[in-house]
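Summary of structural features
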Amino acid sequence: MATFLYRLGRLSFRRRALVTAVWAAVLVALGLGALTLSGQLSDSVTIPGTESQQAIDRLAEKFPQASAGGATARVVIAAPPGHTIADPAGRAAVETVVSHLKAAPKVASVVDPFQAKTISPDGHLALAQASYTVKGFELTDSDRQALLSSGDNAKRSGYDVEYGGDAAQAIPETGATEGLGVAVAAVVLIITFGSLLAAGIPLLTALIGVGIGFAGITLASGFLELNSNTPILALMIGLAVGIDYALFIVSRYRHELSLGREPEEAAGRAAGTAGSAVVFAGLTVIIALAGLTVVGIPFLGQMGVAAAVTVAVAVLIALTLLPAVLGFAGPRVLGDRIRLRRKPSAPAATHGERWARFVARHRGPVLLAALAGLVVVALPALGMQLGLPNDSTAPPESTQHKAYQLVSRSFGEGANGPLLVVIDTGVNHSPAALKQAVAGISTLPDVAAVTPPNVNASGDTALLSVIPKSGPSSQQTEDLVAAIRAQSGPLHETTGASLAVTGQTAANIDVSDKLSDAMLPYLALIVGLAFILLMLVFRSVVVPLKATLGFLGSVAATFGAVVAVFQWGWLTGLLGVESTGPIMSMLPILLIGVLFGLAMDYQVFLVTRMREEHVHGADPQEAVVTGFRHGARVVVAAALIMISVFAGFVLAESTLIQSIGFALAFGVLVDAFVIRMTIVPAVMSLLGRGAWWLPRWLDRILPNVDVEGEGLTKQLDAPGDHELTHA
């Protein structure tokens, strides 16, 4: 592979105009396609085969007028102080809101508060419910604006009108604040290279790669139902790895130039050596993200595939477009260093060597201190509660959060997440089945109210609403859903009917359960994959075992930090987190997949050089220090870039995006600086030659994977060997 990449790098360098034109054409074509053929992104989170989804499918077939699978909106009308909803002015305000809701686009039905008796006990607040004929992601901005303007007349009369439900949720977007991460990354690159030109090249190629990936996902949304967080995740991952991969290759290119090589030869060697490591690192990220498809959760698989494709684009750009851009820059990439300090020597390398020697000399205490720190940070993960976002987790100033609070104070928190119970009476059309179901559900401890059954025209399907006492994300509501479902068996035995629980709250519970069940098998898949890949690279059993255990440690610590901030509310003011609640169900699996790939990047770039020194006969302790000295600078820069890009998303408006950005930034911080740069050299120093133990029979079976291109370097530097040089 190293030989092929060497030739590809030289070819891209020579044909730089053609390569650049091809990538520019791809970007323009996908951009035009995204502008003309894009579709709506989805906020819905469904998993085929769950009870809630099966019930929705049955209602769509047997009871389509119920619009059970469509978007819903809760409109809260609050009277001004000294007035009530029952006043003539209050009735007029409510009737105006209801009439505007009925006239809004795609609205199937509206429940009048006076008819449904959804007036608060103090008469101060009314709750209107609107059901849509389409799902939330199918609503356009104009549809959503029609909903949000239905209460304008009431507001002008002094009434407070707030909107909740998935129909009121806008598609999350990235803002200018996320660009702060890119700015910090630029500063890190400038400090690392000491040259504006060298720092600008990784940013340029990474932005092109992200643009291509983002445009491709937007184009695909016109043909596929994609989750609204898909492009944001792809942007987050693609930008971080795109900058890092370019950083590795540009660093090697500058090193080759400093040795006196011609620019074309330097580009070829950089692609063949650092490029080989980039391919391996990219493959680990791609496999981990694409592996999300095996957990059986469609929307998560789509997010993983989209992010994996963006990473693949980043790798291809690093291997082709980057050498082409280096061809335009030539030796100017070395440039005149920006004098940030009086001594322009390599302080990072010096500090890295000093740190490695300190860790090797005090390996026992350092290892114990690092492990103790990981355990302390990971402890909150024991109390992790998974769930999906609802109006309670929306920003406090949003209309969704205000509506949630108003409804909770006046009707109880459970009114924000009613459960839909579907009763299939079959051919018997038994009224006794409906009475038994209503009576049984009404006796359950967490039930606040049960509405009368609404029967379809054929009489074989009935729908009723159950209002829990507890909120949609509470354990009590989850227990209530299980208790209602448990009544299906006895109901069927006595009447022949059956029941199922659905609605947004039940669907969220089903999705969370499915994601929780999938986490351990996926983690086992990733850990097994890590062990095999690292055993191929390092030809050792101990190093892969240490690396995978370290990966588990960084994941556990990250889970603990996420729980402390986003569930318990620690440091929310400092980080700008406006609401807390259950951890997003998909976050643990996403974090495992992404962090695995990034952790392997740092493992490869640090430990490969240690192995090379060991193979060449260096003392085990010196091999650790020498390998660390050569890899520390680039790994520190890469980690800081990753952290800054991910941390920029902590400033997003969406709590979900904030939690993903924080988790990835903290995970990279722990894995790079605690695991790879502290625990790894301490363990390597402690084990000595035993770290490279591999059974002879396994050594004969394993193929030789030259990730660092050591074989290519020997071949190119061999006396009289000019075959590759003139390729």
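Everything quoted here is computed from the prediction, not taken from an experiment.

Considerations on the overall build of the chain
- Counting its regular elements, the chain contains 27 helices and eleven strands.
- Counting only C-alpha atoms, the chain reaches 95 × 50 × 50 Å along its principal axes.
- Relative to its full complement of 727 residues, the chain shows a buried share of 56%.
- Partitioning the contacts of the chain with sequence separation of at least 6, the portion at a separation of at least 24 is 80%.
- Averaged over its 47 positive side-chain charges, the chain has a centre that lies 11 Å from the centre of its 52 negative ones.

Some thoughts on the pattern of salt bridges
- As enumerated under the stated definition, the model contains 14 salt bridges in all.
- Here Glu 265 ties to Arg 10 by a salt bridge, and the two come within 3.7 Å at their closest N and O atoms. Taken together, the positions of Glu 265 in helix H11 (residues 263–290) and Arg 10 in helix H1 (residues 2–14) put the pair 255 residues apart, joining distant regions of the chain. Arg 10 carries the same exposure label as Glu 265, and that label is buried.
- Of the charged contacts, one joins Asp 143 and Lys 106 as a salt bridge, the two residues approaching to 2.7 Å between their closest N and O atoms. One end of the pair, Asp 143, is in helix H6 (residues 141–148); the other, Lys 106, is in the loop between helix H4 (88–103) and strand S2 (107–111), and 37 residues separate them in sequence.
- Among the residues examined, Lys 106 registers a relative accessible area of 33% and is labelled partly exposed.

What to know about the packing of helix H18 (residues 475–486) against helix H20 (residues 504–538)
- Contact pair H18 / H20: the axes reach a minimum separation of 10 Å and the direction vectors enclose 100°. Taken together, H18 and H20 sit at an angle that is classed as roughly perpendicular. Here Thr 477, Glu 478, Val 481 and Arg 485 of H18 come into contact with H20, specifically with Thr 505, Ala 506, Ile 509, Asp 510 and Asp 513.
- Tallied by class, residues from the contact of H18 with H20 come to three nonpolar, two polar and four charged.

Some points on the sheet that holds strand S3 (residues 125–132)
- If you trace the four strands from one edge of the open sheet to the other, you get S2-S3-S1-S4, paired in antiparallel fashion. Looking at the sheet topology across the chains shown, the edges are occupied by S2 and strand S4 (160–164). In this sheet, adjacent strand axes meet at a mean angle of 20° when their direction is disregarded.
- Looking at chain direction, strand S1 (residues 72–78) and S4 are connected through five bridges and run antiparallel. Across the sheet, Val 75 pairs through a bridge with Tyr 163, a residue of S4.
- Against the sheet, helix H16 (residues 399–411) makes contact with S1, S3 and S4, and its axis sits at roughly 105° relative to S4, the strand it touches most.

Concerning the nonpolar core
- The biggest cluster of nonpolar side chains holds 146 residues, and the ones touching the most others in it are Tyr 245, Leu 300 and Phe 646.
- Residue contacts for Tyr 245: discarding those within four places in its chain leaves Val 278, Ala 281, Gly 282, Val 285, Val 311, Val 315, Ala 318 and Asp 601.
- Among the nonpolar cores identified, the runner-up in size contains 27 residues, and Ala 79, Val 98, Val 107 and Ala 126 belong to it.

Points about the pairing of strand S10 (residues 498–502)
- Across the five residues of S10, four count as buried, placing the element largely inside the fold.
- By the bridge criterion, five bridges tie strand S6 (residues 419–424) to S10 in an arrangement that is antiparallel. Each residue of the ladder has a partner; that of Val 422, found in S10, is Ala 500.

Comments concerning the packing of aromatic side chains
- All told, the structure shown has four aromatic pairs when counted by the stated rule.
- One aromatic cluster is present, formed by Phe 566, Phe 662 and Phe 666 through successive ring pairs.
- We note Arg 16 situated over the ring of Phe 13; from NZ or CZ to the ring centre the distance is 5.4 Å.
- The positively charged end of Arg 91 is found above the aromatic ring belonging to Phe 114, 4.3 Å away from the centroid.

Details of the pairing of S3
- Of all eight residues that make up S3, seven are buried, and the element is covered over most of its length.
- Here S1 pairs with S3 via seven bridges, running antiparallel. Across the sheet, residue Ala 78 finds its bridge partner in S3, namely Leu 125.
- For S2 and S3, the ladder comprises four bridges, and the chain directions are antiparallel. Following the sheet pairing, Val 110 is matched in S3 by Ala 130.

Structural notes on helix H13 (residues 321–329)
- The buried fraction of H13 is high, at eight of nine residues.
- All of the buried residues in H13 are Leu 321, Leu 322, Pro 323, Ala 324, Val 325, Leu 326, Gly 327 and Ala 329.
- Buried residues in H13 make contact with H1, helix H2 (16–37), helix H9 (196–220), helix H10 (230–258) and helix H12 (298–319).
- Of the residues one or two after H13, Gly 330 is the one with positive phi, at around 60°.

Some thoughts on unusual backbone geometry
- Residues other than glycine seldom take positive phi values, yet Lys 106 does so here, at roughly 65°.
- Non-glycine residue Lys 117 carries a positive phi angle of around 60°.
- For Lys 117, the position within the fold is in the loop between helix H5 (113–116) and S3.

Topic: the packing of H20 against helix H21 (residues 542–567)
- Remark: H20 packs on H21, axes separated minimally by 8 Å, with the N-to-C direction vectors making an angle of 145°. With respect to the hand of their crossing, H20 and H21 are arranged in right-handed fashion. Residue-level inspection shows Met 519, Leu 523, Ile 526, Val 527, Ala 530, Phe 531, Leu 534, Met 535 and Phe 538 of H20 in contact with H21, the latter providing Val 543, Pro 544, Leu 545, Ala 547, Thr 548, Phe 551, Leu 552 and Phe 559.
- For the contact of H20 with H21, the class distribution of residues is 16 nonpolar, one polar and no charged.

Considerations on H16
- Here H16 contains 13 residues, and its C-alpha end-to-end distance of 18 Å stays within 8% of the 18 Å for a straight helix at 1.5 Å per residue.
- Of all the residues in H16, the buried ones are Gln 400, His 401, Ala 403, Tyr 404, Leu 406, Val 407 and Ser 408.
- Tucked inside the fold, the buried residues of H16 contact S1, S3 and S4.
- One or two positions beyond H16, positive phi appears at Gly 412, with a value near 100°.

Rules used in this analysis
Residues numbered from 1 in each chain as written. Predicted model: local features only at pLDDT ≥ 70, side-chain atom pairs only at ≥ 80, totals over all residues. Heavy atoms only, no water. Helix = DSSP H or I, 4+ residues; strand = E, 2+ residues; numbered from the N terminus. Buried < 20%, exposed > 50% of the residue type's maximum accessible area, 1.4 Å probe, protein only. Contact = heavy atoms within 4.5 Å. Lys, Arg positive; Asp, Glu negative; His and termini not counted. Charge placed at Lys NZ, Arg CZ, Asp CG, Glu CD. Salt bridge = Lys/Arg side-chain N within 4 Å of Asp/Glu carboxyl O. Axes fitted to C-alpha atoms, helices over the stretch in contact; angles between N-to-C directions. Parallel < 35°, antiparallel > 145°, perpendicular 65-115°, else oblique. Nonpolar A, V, L, I, M, F, W, Y, C, P; charged D, E, K, R; others polar. Pairing = 2+ DSSP bridges. Core = buried A, V, L, I, M, F, W, Y, C linked by side-chain atoms within 4.5 Å. Phe/Tyr/Trp six-rings, centres within 6.5 Å; stacked < 30°, edge-to-face > 60°. Lys NZ or Arg CZ within 6 Å of the ring centre and 35° of its normal. Left-handed = near helix turned anticlockwise from the far one by under 90°. Expected span 1.5 Å × (residues − 1).

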